[in-house]
Amino acid sequence: MTTLGQLLASPMLAPDLGYLTRPRVDPPVRGVALIEELGDMERIPERAVVLLTRGVSAHVGTYRFDVVLRLARSREAAAVVVSGVDATRITPTSAAIADRSGTAILGARAGADLAELAIAIARVLAGDGGLALLRAHAAVRTIAAHPADGDDAALVRRAGSALGVPLELVSTEPDAGAASARITADDHPAWVTAAPQDGDMKLALEVVLHTIAASIADAVARRDRAEDIPIQSVSEALAELLVAGQAQRPAVVQRTRALGVRIDGWHVAVRVELDDLSGAPTPVGDGALAGRALVLTALRALRQAGATWYS
């Protein structure tokens with residue numbers, strides 16, 4: 001079920017609606033109602049977003065608006081939307097009633113057409129195809145704008161906010177009922193997942209999940225390449241140092257030190273011979289790539305133990 005927070009995060013509604021008072025718990029929303037007279041409050045559907053016309057909104061700041069909020073409480077209304085009213089006109093009594101009721105007080109943008117706003121809310125709740133496409137587009141643009149060196153969890157969080165569906169980055173395979181996409185990168189498997197959606201939003205969610213997974217996998221690959229460059233440079237310098245003659249050695253020593261390798265003193269050396277790479281996760285015959293992948297994995301593990309190792 002859509003919550004009020006998810007509803008207001010929709011690109012279709014965000015420009016026109018905003019909180020004047022916010023409930024402590026994000027309430028679920030089941031419908032929408034447009035109220036032209038106070039007496040109509042008794043007939044609103046439960047868990048609805050209630051739009052008040054300018055005539056009814058004019059009672060904000062008076063006891064009549066407190067009556068509206070109490071009637072909204074009796075119907076478990078998710079929110080009451082006032083028109084042409086700023087937050088300073090919400091009295092402490094009204095705010096307290098709304099807080100106890102778990103009902104939000106929202107303000108509509110000046111000049112907003114309430115009938116069109118009611119239709120837009122209904123479309124969001126119904127999962128309209130055009131809206132699903134709009135949300136997916138906003139999420140994909142958010143993914144594209146994320147910095148290359150940005151945090152993966154932040155990317156997932158922002159994309160979920162743009163889509164209007166909470167997303168999560170997890171390290172264990174989600175249950176069969178969850179919507180998810182596996183991130184095929186690095187030695188540690190991960191998934192981006194979300195609660196299942198219906199209709200067109202199900203398709204929009206699938207697009208966004210796989211776009212995020214591809215983006216994170218690409219970022220991990222770029223980070224690995226960036227990490228591999230200095231490892232290769234150090235490896236080449238050390239290999240050259242081991243075979244350099246007396247005349248060439250001072251220049252090689254200087255270059256090795258410039259790369260940050262502390263070559264003076266005693267060292268421990270380990271020799272690893274790769275006899276059979278047939279089971280490695282690389283194309284058959286591509287032993288060089290398999291060997292380099294093994295080197296990167298071994299160096300990460302050794303350095304996490306607090307030691308300084310080079311290949």
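Note that this is a predicted model, so its numbers are computed, not measured.

1. Some thoughts on the overall build of the chain
Then step 1. Along its length, the chain carries 10 helices and 8 strands.
Then step 2. Evaluated residue by residue, the chain yields a buried proportion of 38% over its 311 residues.
Then step 3. Counting only contacts in the chain whose residues sit at least 6 apart along the sequence, the fraction spanning at least 24 positions is 64%.
Then step 4. Only carbon and sulfur atoms are counted for the fraction: they give 54% of the accessible area of the chain, which is about 17,700 Å².

2. Considerations on the side chain of Thr103
Then step 1. Mapped onto the secondary structure, Thr103 falls in the loop between helix 4 (92-101) and strand 5 (104-108).
Then step 2. Assessed through its relative accessible area of 3%, Thr103 is described here as buried.
Then step 3. Contact partners of Thr103, with chain neighbours within four places excluded, come to Thr21, Pro23, Ala77, Ala78, Ala79, Val80 and Ala98.

3. Here we look at the nonpolar core
Then step 1. With 27 residues, the main nonpolar core has Leu163, Leu167, Val192, Leu205, Val208 and Ile212 as its most contacted residues.
Then step 2. Looking at this core, the elements that each hand over two or more residues are helix 6 (129-145), helix 7 (152-163), strand 7 (179-183), strand 8 (190-194) and helix 8 (199-243).
Then step 3. Of all the elements, helix 8 adds the most residues to this core, at 10 residues.
Then step 4. Counting 21 residues, the second largest nonpolar core, distinct from the first, contains Leu4, Leu8, Val29 and Ala120.

4. Points about a nonpolar patch on the surface
Then step 1. The grouping of Val268, Val270, Val272, Leu274 and Leu294 at the surface amounts to a nonpolar patch, some 480 Å² of accessible area in total.
Then step 2. Summarising the element assignment, Val268 is placed in the loop between helix 9 (249-258) and helix 10 (287-304).
Then step 3. Here Val268 falls in the exposed class, since its relative accessible area comes to 65%.

5. Things to note about the layout of surface pockets
By rolling a water-sized probe across the atoms, one finds the places where empty space is left.
Then step 1. Quantified by volume, the largest pocket comes out at close to 1,200 Å³.
Then step 2. In terms of lining, the largest pocket is formed by 31 residues, of which the most central are Leu238, Val270, Trp309, Tyr310 and Ser311.
Then step 3. Only helix 8 and helix 10 provide two or more residues apiece to the lining of the largest pocket.
Then step 4. At 8 residues, the largest contribution of residues to the lining of the largest pocket is made by helix 10.

6. Here we look at the sheet that holds strand 8
Then step 1. The sheet built from 3 strands is open, its strands ordered 6-8-7 with antiparallel pairing. The open sheet has two edge strands, strand 6 (167-170) and strand 7, and neither has a second partner. Taken pair by pair, the neighbouring strands of this sheet meet at an average axis angle of 20°, ignoring direction.
Then step 2. Bridge count for strand 6 against strand 8 is 4 bridges, and the pairing is antiparallel. In the strand pairing of strand 8, Leu167 is matched with Ala194.
Then step 3. With respect to the sheet, helix 7 is in contact with strand 6 and strand 8, its orientation differing from that of strand 6 by roughly 160°.

7. Remarks on the packing of helix 3 (residues 63-74) against helix 4
Then step 1. At their nearest, the axes of helix 3 and helix 4 sit 10 Å apart, and the two run at 0° to each other. On the basis of their axis angle, the class for helix 3 and helix 4 is roughly parallel. Between helix 3, through Phe65, Asp66, Leu69, Arg70 and Arg73, and helix 4, the contact on the second element is made entirely by Thr93, Ser94, Ile97, Arg100 and Ser101.
Then step 2. Within the contact of helix 3 with helix 4, the residues separate by chemical class into 3 nonpolar, 3 polar and 4 charged.

Rules of the game
- Residues numbered from 1 in each chain as written.
- Predicted model: local features only at pLDDT ≥ 70, side-chain atom pairs only at ≥ 80, totals over all residues.
- Heavy atoms only, no water.
- Helix = DSSP H or I, 4+ residues; strand = E, 2+ residues; numbered from the N terminus.
- Buried < 20%, exposed > 50% of the residue type's maximum accessible area, 1.4 Å probe, protein only.
- Contact = heavy atoms within 4.5 Å.
- Areas by Shrake-Rupley, 256 points an atom, 1.4 Å probe, with all protein chains shown as cover.
- Core = buried A, V, L, I, M, F, W, Y, C linked by side-chain atoms within 4.5 Å.
- Patch = residues over 30% accessible without salt bridge, like charges linked within 9 Å, V, L, I, M, F, W, Y side chains within 5 Å.
- Salt bridge = Lys/Arg side-chain N within 4 Å of Asp/Glu carboxyl O.
- 1 Å grid on protein atoms, 1.4 Å probe; cavity = no way out; pocket = protein on both sides within 12 Å on 5 of 7 lines; lining within 4 Å.
- Points joined across faces, edges and corners; volume = space filled by probe spheres on them.
- Pairing = 2+ DSSP bridges.
- Axes fitted to C-alpha atoms, helices over the stretch in contact; angles between N-to-C directions.
- Parallel < 35°, antiparallel > 145°, perpendicular 65-115°, else oblique.
- Nonpolar A, V, L, I, M, F, W, Y, C, P; charged D, E, K, R; others polar.

The values are spatial; any link to function lies outside them.
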